[in-house]
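# Structural description and commentary
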Amino acid sequence: GASYCFGIRTPRNFRAPFASVDIKDFWNRWHITLSTWLRDFVFMRFVRWATKRKVFPSRLSCACSAYIVDMAIMGAWHGLTFDYLAYGLYHGVLLAATEAYQKRSAFHKRHRQARWYRVLTWFITMHLVIIGFALFFNSSPQQLLMVQAGEGGGELIAGAAVQIAFNFGNAIGSIVGGAALTATAMNYHFTGIAGAPISLLAVILLVLYTRRYEARA
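Predicted model, so just to flag it, every value in this text is computed and none were measured.

## Some thoughts on the overall build of the protein
From N to C terminus, the protein includes ten helices and zero strands. Considering only residue pairs separated by 6 or more positions, the protein has 61% of its internal contacts joining residues 24 or more positions apart. Surface accessibility of the protein: about 13,200 Å² in total, with carbon and sulfur atoms responsible for 65%.

Right, dumping it as structure tokens:
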């Protein structure tokens, strides 16, 4: 990036996040500088504090609680608004659920290296990530209720997926001097019927791009 032009080596901040096979893997690849800082200064310190005072009955419940606290602070770091706080709590609960499932599920331990299982967990993870982006991108409590009720959910999720795709285009465009585009500026609207396949197509294209980028790195 620009820092290399000045002889400054900055840490890599993204590492093919759309190739992640679970939510923990996603946060090891996404916004690495922020997630690493939160891990070292929030998660680990909370675990140390709670363990020393025996706040939780088990190490697993302590870790799950730490994930929720850690990601809630991450959401608040982005902004004290509903969408950011909901996004942080959403990912905190997902991380806690993933930790509990991986630690306690014999099925996961038996099949975690199987190719079909990794494809399945990747597929589920990408859907959960896209739903999270729908929370992040200017959603309101009313819109979230629409997603739950199946009314306009495809449009909201598709909009988030397409915005991500445009963000990749913006990054490339800024390098080659092209004009940046946004889904909002282009005034894209999707019906609930079209939303699901468009979301899936956007995710597949992003994964293919990130896998190719990871192979080159």
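More follows now that the structure is in view.
## Observations concerning the packing of helix α4 (residues 59–78) against helix α5 (residues 82–104)
At a minimum axis separation of 7 Å, α4 and α5 run at an interaxial angle of 160°. By the angle between their axes, α4 is roughly antiparallel relative to α5. The two elements α4 and α5 meet at a crossing, and its hand is right-handed. The residue makeup of the contact of α4 with α5, split by class, is 16 nonpolar, five polar and three charged.

## With respect to unusual backbone geometry
Of note in the backbone geometry, Ala16 takes a positive phi value of approximately 50° without being a glycine. Residue His31 is not a glycine yet carries a positive backbone phi of 45°. Within the element layout of this structure, His31 appears in the loop between α2 (23–29) and α3 (32–52).

## Topic: the packing of aromatic side chains
Per the counting criterion, the structure on display carries twelve aromatic pairs. Taking 4.8 Å as the distance between ring centres and 40° as the angle between the ring planes, the aromatic pair formed by Phe43 and Tyr67 counts as tilted. One end of the pair, Phe43, is in helix α3; the other, Tyr67, is in helix α4, and 24 residues separate them in sequence. On the basis of relative accessibility, which here comes to 15%, the residue Tyr67 falls in the buried class. Aromatic pair Phe107 and Tyr117: ring centres 5.9 Å apart, planes at 70°, arrangement edge-to-face. With Phe107 in helix α6 (residues 106–111) and Tyr117 in helix α7 (residues 115–136), this residue pair connects regions lying ten residues apart in the sequence. Its relative accessible area of 36% is what places Phe107 among the partly exposed residues. Residue classification places Tyr117 among the buried residues on the basis of a relative accessible area of 4%. Among the aromatic side chains, those forming a connected cluster through ring pairs are Phe14, Phe18, Phe26, Trp27, Trp30 and Phe133.

## Let's talk about a nonpolar patch on the surface
Residues Tyr101, Phe107, Trp116, Leu120, Phe123 and Ile124 make up a contiguous nonpolar surface patch of roughly 560 Å² in combined accessible area. Per element, the largest residue contribution to the nonpolar patch is four residues, and it comes from α7. Along the polypeptide, Leu120 turns up in helix α7. With a relative accessible area of 38%, Leu120 lands in the partly exposed category.

## Remarks on the environment of Ile68
Position of Ile68 relative to the elements: it lies in helix α4. For the pair formed by Ile68 and Leu94, sequence separation is 26 residues and the distance between their alpha carbons is 8.6 Å. Residue contacts for Ile68: discarding those within four places in its chain leaves Leu89, Gly92, Val93 and Ala96.

Calculation criteria
- Residues numbered from 1 in each chain as written.
- Predicted model: local features only at pLDDT ≥ 70, side-chain atom pairs only at ≥ 80, totals over all residues.
- Heavy atoms only, no water.
- Helix = DSSP H or I, 4+ residues; strand = E, 2+ residues; numbered from the N terminus.
- Contact = heavy atoms within 4.5 Å.
- Areas by Shrake-Rupley, 256 points an atom, 1.4 Å probe, with all protein chains shown as cover.
- Axes fitted to C-alpha atoms, helices over the stretch in contact; angles between N-to-C directions.
- Parallel < 35°, antiparallel > 145°, perpendicular 65-115°, else oblique.
- Left-handed = near helix turned anticlockwise from the far one by under 90°.
- Nonpolar A, V, L, I, M, F, W, Y, C, P; charged D, E, K, R; others polar.
- Phe/Tyr/Trp six-rings, centres within 6.5 Å; stacked < 30°, edge-to-face > 60°.
- Buried < 20%, exposed > 50% of the residue type's maximum accessible area, 1.4 Å probe, protein only.
- Patch = residues over 30% accessible without salt bridge, like charges linked within 9 Å, V, L, I, M, F, W, Y side chains within 5 Å.
- Salt bridge = Lys/Arg side-chain N within 4 Å of Asp/Glu carboxyl O.

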